[in-house]
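Residue-level listing of the chains:
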Amino acid sequence: MINVIVACDRNNLIGKNGKLPWEIREDWDYFLETTRDGVLIMGRLCYYEFEKYAKERSVIALSRNPEITFRYARKANSLAESLSITKKLNQTAWICGGQAIYQEALPLADYLYLTEINAEFSGDVYLPPWEKYFNREISQKTVLTESFELTFRILSK
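Residues numbered from 1 in each chain as written. Predicted model: local features only at pLDDT ≥ 70, side-chain atom pairs only at ≥ 80, totals over all residues. Heavy atoms only, no water.

**Q** Explanation requested: the pairing of strand E10 (residues 149-156) in the structure shown.
**A** Across a regular strand the side chains alternate sides, sitting on one face of the sheet and then on the other. Burial of E10 is extensive: seven of the eight residues sit out of reach of the surface. Bridging between strand E7 (residues 111-117) and E10 involves seven bridges; their strand directions are antiparallel. Counterpart to Glu116 in the pairing with E10 is Thr151. Note: strand E9 (residues 136-144) against E10, eight bridges, orientation antiparallel. Looking across to E10, one finds that Gln140 is bridged to Arg153. Between E9 and E10, which pair antiparallel and follow one another directly, the connecting turn spans four residues. (Buried < 20%, exposed > 50% of the residue type's maximum accessible area, 1.4 Å probe, protein only. Helix = DSSP H or I, 4+ residues; strand = E, 2+ residues; numbered from the N terminus. Pairing = 2+ DSSP bridges.)

This is the structure we're talking about:
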């Protein structure tokens, strides 16, 4: 199974300078709990932000650069290669970003785990349009944190 997991603000913003533009404990806890038993597939910049957690998880980091290695992750040259590795491991794939990987994965994925943050942040990376791929809502849960309203949605095709 292939799942995409992503959080975005109300303008579909997902990143700023290679990092998340927010620190929201409830979003982070949801991400860690939801993806716990699968293989996380992410690009190089996402991996660098996640690296301190990677040693406790199964991670595949993507890079076409032969010089790059990842301390706590397997390396794949493409999304297709990472999905092939995950299939051989008989585990669920969790696509974790960035933007180009989301763009490629959305047509392939079975489910979209979308966290909508009811706020606006500044940044430079946006979630590609997903609505044409995922039009069936499986579940929705809204949580009020100390500072934000988060809506956790699970969507399928």
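**Q** Would you take a moment to explain the environment of Gln99 for this structure?
**A** Inspection of the secondary structure puts Gln99 in helix H4 (residues 99-105). Spatially, the C-alpha atoms of Gln99 and Val125 are 6.8 Å apart, while their sequence positions differ by 26 residues.

**Q** What's the story with the environment of Ile2 in this structure? I'm lost.
**A** Structurally, Ile2 can be placed in strand E1 (residues 2-9). Judged by relative accessible area, Ile2 falls into the buried class, the value being 17%. Put simply, Ile2 and Glu149 are 147 residues apart on the chain and 27 Å apart in space, counted from C-alpha to C-alpha. Excluding anything up to four places from it in sequence, Ile2 contacts Leu83, Ala93, Ile95, Leu108, Ala109, Asp110 and Tyr111. (Contact = heavy atoms within 4.5 Å.)

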